[in-house]
Amino acid sequence: MVRQPSINAQHRAPLSTERIIEAALRIVDGQGLGRLTMRRLGDALEVEAMAIYHHLPRGKEQLLDGLVAHVAAAPADTAAASRWQDALRAWAAGYRGRLMAHAGVLPLVVTRRNPAALTATVASLREVLRSGGVAEDTAAVAAHTLLGYVIGHTALEVRGTNEDGADRVVDWDARFTAGLDLIIAGVR
C-alpha cells in the first residue's frame, strides 16, 4: 500500500538524519526500545519506512548507533567553572540527568560498541582535568573512570536495584554524590 501524502506534508520539515533520530528517541522515551521499528518510525515521521533508508543506509543498526551518539555524546564545558572539580561535578550531574531522561537508550549505551559516540565526551573530561593541572596519564584514567561511574551508576539507578543488599530505600542522589566525591578526591 502506498501512503498518500498528508495535507501537512507540505508544511513539515524535510526528512533528515537528525529528524529521524529525534523521532526515534521520542518513540524509545515514550514506549520503550522494544517498540522501535522502522515501520513505527516511518509512521511517526509520516513517511514510508523505506524513505528512512535514504538517510540511514545501514537501517536499524545505524539508527541505534545514532541514538547512542545522540544521548551519550555530552562533552563537558571546559569553561564552566574555575575549579576542575566543580566542572566535573556539573558535567556528571548533567550527564546523569541526560541518561535518566533517555533511560530507554541506556541499554544501548552500555552494550553497543560505538566508541565514537563517547570520544568527544572523554576528550573534554581529560581537557578539564589537564587544565586543572592533572598529569596526562592520570587525566586519561580519571576521565574514563568518571564516565564509567556515571553510566554504571545510572544503569543501576534505572534498574532500581539495591545492589548492596540493603532492605532500605536507596537515596540515589546521595549515593551518586558520595561516589562522585570519592572519584574526584582520588585524582592526584
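One can find the structure itself at the top, above this paragraph.
Now for a look at the structure at hand. (Residues numbered from 1 in each chain as written. Predicted model: local features only at pLDDT ≥ 70, side-chain atom pairs only at ≥ 80, totals over all residues. Heavy atoms only, no water.)

Looking at helix α7 (residues 116-131)
Part 1 of the reasoning: The end-to-end C-alpha distance of α7, which contains 16 residues, comes to 23 Å, matching closely the 22 Å that a straight helix rising 1.5 Å per residue would cover.
Part 2 of the reasoning: Listed in full, the buried residues belonging to α7 are Ala-117, Leu-118, Thr-121, Val-122, Ser-124, Leu-125, Val-128 and Leu-129. Projection of α7 onto a plane perpendicular to its axis shows the buried side chains occupying an angular sector of 160°, all on one side. Facing away from the buried side of α7 by over 90 degrees, the exposed positions are Ala-116 and Ser-131. (Helix = DSSP H or I, 4+ residues; strand = E, 2+ residues; numbered from the N terminus. Expected span 1.5 Å × (residues − 1). Buried < 20%, exposed > 50% of the residue type's maximum accessible area, 1.4 Å probe, protein only. Arc of directions from axis to C-beta.)

Concerning unusual backbone geometry
Part 1 of the reasoning: Backbone geometry at Glu-46 places phi at a positive 60°, although glycine is not the residue there.
Part 2 of the reasoning: Following the sequence through the fold, Glu-46 ends up in the loop between α2 (38-45) and α3 (49-52).
Part 3 of the reasoning: On the basis of relative accessibility, which here comes to 37%, the residue Glu-46 falls in the partly exposed class.

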